[in-house]
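Residue-level listing of the chains:
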Amino acid sequence: MDDADKWQDWARGEVSLSDHEETAAVRMMPPLLRRRAHPLGRAALEALYAPALGYANQPIVFCSRHGEMSRSLVIQHALAEEGQVSPQEFSMAVHNAIPGLFSIAKQSRAPVVALASESQLALSGIIEALAQLADGAPSVILVFCDAPLPMLFRHFIDNEPVCFAFALEMTAGKGYRLVHGDTALSTETASSLPLLRFVLDETQNALPLAGTAGWQLLRLAPESGHA
């Protein structure tokens, strides 16, 4: 889904992501680079190229639980059966390959951080983006993406429902506050899609990010005055 109204419908529970699965076109990327990206990479690149985002060489924090796991599995099979792997496949299987492809296309030298922190991915991405803002970046692009795992791994770990990607631009402001310790502990831990739903659904005021430490993202009233 690339329409804002459809994402709002999804946030309200009126639309299922599985009803809209298709490979992103990424028409704004040069074809020689675009063809190197698989569906997960294309989804993330489509989000980064979105006109509403207006990328302007900001630092990128790229967050994915598993990255291009399907490509990694192909490489592992090739290594086991043939003793060698395709250099191009390997270069696109590493965790920072997708934002690296975008940086090449944009000829950007802005820093890129790639994160994979399983169930606390949303918290890790937010903290990294906040650290870069505190270090002087005027804004940071926070990208989340994941796709269903190959069947081989689904017995061992919970699986993403569909291939998805979204990008958020983070700037200093007074709309949200990240807190820990002074809130009631929760057994819930929010990953990527719950974070997106929280941002879109303005009826939610708090999002648990890591229950064991009491981390929460709070939506603040405009007059609260918190940065």
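Conventions adopted
Residues numbered from 1 in each chain as written. Predicted model: local features only at pLDDT ≥ 70, side-chain atom pairs only at ≥ 80, totals over all residues. Heavy atoms only, no water. Helix = DSSP H or I, 4+ residues; strand = E, 2+ residues; numbered from the N terminus. Buried < 20%, exposed > 50% of the residue type's maximum accessible area, 1.4 Å probe, protein only. Lys, Arg positive; Asp, Glu negative; His and termini not counted. Salt bridge = Lys/Arg side-chain N within 4 Å of Asp/Glu carboxyl O. Polar contact = N/O pair within 3.5 Å; in protein donor to acceptor, adjacent residues only side chain to side chain. Contact = heavy atoms within 4.5 Å. Pairing = 2+ DSSP bridges. Axes fitted to C-alpha atoms, helices over the stretch in contact; angles between N-to-C directions. Patch = residues over 30% accessible without salt bridge, like charges linked within 9 Å, V, L, I, M, F, W, Y side chains within 5 Å. Areas by Shrake-Rupley, 256 points an atom, 1.4 Å probe, with all protein chains shown as cover. Charge placed at Lys NZ, Arg CZ, Asp CG, Glu CD. Core = buried A, V, L, I, M, F, W, Y, C linked by side-chain atoms within 4.5 Å.

Considering the arrangement of structural elements, one finds aspartate 146 in strand β3 (residues 140–146). The charged side chain of aspartate 146 is buried without a salt bridge, its nearest counter-charge being arginine 65 at 5.2 Å. Of the polar contacts made by the side chain of aspartate 146, one reaches the backbone nitrogen of arginine 65; its length is 2.7 Å. If sequence neighbours within four positions are ignored, aspartate 146 has contacts with Leu40, Ser64, Arg65, His66, Gly67, Leu121, Glu160, Val162, Cys163 and Phe164.

Here we come to the sheet that holds strand β4 (residues 164–170). Spatially, four strands are ordered β2-β1-β3-β4 in an open sheet, and the strand pairing comes out mixed. In this open sheet, the two strands that pair with only one neighbour each are β2 (112–115) and β4. Each neighbouring strand pair of the sheet contributes to a mean axis angle of 15 degrees, computed without reference to strand direction. Relative to β3, strand β1 (residues 60–63) runs parallel, the two being bridged by four bridges. By the bridge assignment for β3, phenylalanine 62 is matched with valine 143. Here helix α3 (residues 39–49) sits on the sheet in contact with β1, β3 and β4, set at roughly 30 degrees to β4. Strand contacts of helix α8 (residues 192–200): β3 and β4, with the helix running at about 55 degrees to β4, the strand carrying the most contacts.

The next subject is a negative patch on the surface. On the surface, Asp2, Asp3, Asp5 and Glu22 cluster together into a patch of negative charge. Structurally, the position occupied by aspartate 5 is in helix α1 (residues 4–11).

A general tendency of soluble globular proteins is for nonpolar side chains to be buried together. If you look at the biggest cluster of nonpolar residues, it comprises 30 residues, and the most contacted ones within it are Leu142 and Leu195. Secondary structure elements with two or more residues in this core: α1, β1, α7 (121–134), β3, β4, α8 and β6 (206–210). It is α7 that provides the largest number of residues to this core, a total of six residues. Ignoring any residue separated from it by four or fewer positions in sequence, one finds leucine 142 in contact with Val61, Cys63, Gly125, Ile126, Phe166, Ala167, Leu168 and Met170. Among the nonpolar cores identified, the runner-up in size contains 26 residues, and Leu40, Ala97, Leu101 and Ala147 belong to it.

This part takes up the pairing of β4. Taking burial as the measure, the seven residues of β4 include five buried ones, the bulk of the element. Where β3 and β4 come together, seven bridges link them in antiparallel fashion. Pairing of leucine 142 across the sheet is with leucine 168, part of β4.

The next thing to look at is the sheet that holds β6. Here three strands make up an open sheet; going across it, the order is β5-β7-β6 and the pairing antiparallel. Bordering the open sheet on either side are β5 (176–179) and β6, each of which pairs with just one other strand. The mean angle between the axes of side-by-side strands here comes to 20 degrees, regardless of whether they run parallel or antiparallel. As judged from the four bridges shared by β5 and strand β7 (residues 215–219), these two strands associate in the antiparallel manner. Bridge pairing in β7 links arginine 177 to leucine 218. Sheet strands touched by α8: β5, β6 and β7. Its angle to β7, the strand with the most contacts, is close to 25 degrees.

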